[in-house]
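# Notes for the structure review
This is what each chain is made of:
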Amino acid sequence: MEAVKKEPVIFEGFVIMPYKYSVGSMASKFFIKIRDSKVICGAKCPKCGMVNVPPRSVCPKCFSKVEELIELSGKGKLETFTIVHYESSVQALKPPYAIGVIKLDGADTSMTHFIGGVDFKDIKPGMKLEPVFKAKRDANILDIEYFQPA
Ligand SMILES: [Zn+2]
């Protein structure tokens, strides 16, 4: 009897799957505040005071339950960035576009978002930024259209 050779058989495919999920109470409050008031909030830990943006319901530093959202100015500083040239079907923008890591004033963590209203060549780490909100907002992160130089 002939031995069966052990070799992996791999099928490649692509699945598009519509879905819905709840973002939870903390993120719901965060997105509704942006939608209704154009205000970005952070979640402040009652024990250690760490402010997370986007908000988290459990402090990543001391694991305390976090329920308080505090309003931030929305202004912040660009920590780093890249220019995206790769195109895929899941992107919100058509490349090329700039995306950066932004630390908002009053926050201890950073968030990632688009950088706009500026030539790519003028984007520099350390630059001050402010959010630009969409006119029609839907309670999601894309209600912030991009961050521009402040
Ligand atoms: Zn904490």
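This text gives an overview of the structure that appears in the document. Quick caveat: nothing in here was measured; it's all calculated off a predicted structure. (Residues numbered from 1 in each chain as written. Predicted model: local features only at pLDDT ≥ 70, side-chain atom pairs only at ≥ 80, totals over all residues.)

Attention shifts here to the overall build of the chain. Counting its regular elements, the chain contains one helix and eight strands. Start at the N end of the chain and walk to the C end: the helices and strands fall as α-β-β-β-β-β-β-β-β. On C-alpha atoms alone, the chain measures out to a radius of gyration of 20 Å, which is more than a quarter above the 15 Å that the 2.2 N^0.38 rule sets for 150 residues. Residue burial in the chain is summarised as follows: out of 150 residues, 22% are buried. Taking all contacts inside the chain whose residues are at least 6 apart in sequence as the whole, residues at least 24 apart take part in 50%. (Helix = DSSP H or I, 4+ residues; strand = E, 2+ residues; numbered from the N terminus. Rg over C-alpha atoms; globule rule 2.2 N^0.38 Å. Buried ≥ 20, exposed ≤ 12 C-beta atoms within 10 Å, placed from the backbone. Contact = placed C-beta atoms within 7 Å.)

A separate point is the sheet that holds strand E3 (residues 68–71). Read across the sheet, three strands follow the order E2-E1-E3 without closing on themselves; strand pairing throughout is antiparallel. The open sheet terminates on both sides in strands that have one partner only, identified here as strand E2 (51–52) and E3. (Pairing = 2+ DSSP bridges.)

Structurally, the position occupied by Val4 is in the segment before helix H1 (24–37). Residue classification places Val4 among the exposed positions, given that 6 C-beta atoms sit within 10 Å. Each C-alpha atom, one on Val4 and one on Thr112, is 50 Å from the other, the two residues being 108 residues apart in sequence.

This part is about the environment of Glu130. Structurally, Glu130 can be placed in strand E7 (residues 128–133). The class for Glu130 is partly exposed, based on 15 C-beta atoms found within 10 Å. Along the primary structure Glu130 and Ser73 are separated by 57 residues, whereas in three dimensions their C-alpha atoms are 8.6 Å apart. When near neighbours in sequence (up to four residues on either side) are disregarded, Glu130 contacts Gly74, Lys75, Phe147, Gln148 and Ala150.

Turning our eyes to something else, we now look at H1. Here H1 contains 14 residues, and its C-alpha end-to-end distance of 19 Å stays within 8% of the 20 Å for a straight helix at 1.5 Å per residue. Within the span of H1, buried status applies to Met26, Phe30, Phe31 and Ile34. Taken around the axis of H1, the buried residues stretch over an arc of 125°, which confines them to a single face. Counted as exposed and oriented over 90 degrees from the buried face of H1: Ser25, Ser28, Asp36 and Ser37. Next to the buried residues of H1 lie strand E1 (41–44), E3 and strand E8 (144–149). (Expected span 1.5 Å × (residues − 1). Arc of directions from axis to C-beta.)

For the rest of this paragraph, the subject is the pairing of strand E4 (residues 76–84). With eight bridges joining them, E4 and strand E5 (residues 97–104) adopt antiparallel strand pairing. Pairing of Gly76 across the sheet is with Leu104, part of E5. The pairing of E4 with E7 spans two bridges and is antiparallel. The residue of E7 that forms the bridge with Gly76 is Leu129.

Between Val53 and the following residue, Pro54, the backbone shows a cis peptide bond with an omega angle of -5°. Counting through the fold element by element, Pro54 comes out in the loop between E2 and E3. The linkage connecting Pro95 with the following residue, Pro96, adopts the cis geometry, with an omega of 0°. In this fold, Pro96 is placed in the loop between E4 and E5. Within the chain, Lys38 stands out as a residue other than glycine whose phi angle is a positive 55°. The topology assignment puts Lys38 in the loop between H1 and E1. The backbone of Phe63 shows a phi angle near 65°, a positive value even though the residue is not glycine. Within the secondary structure, Phe63 is located in the loop between E2 and E3. Judged by the 11 C-beta atoms lying within 10 Å of it, Phe63 is exposed.

Worth remembering: the numbers are spatial, not functional.
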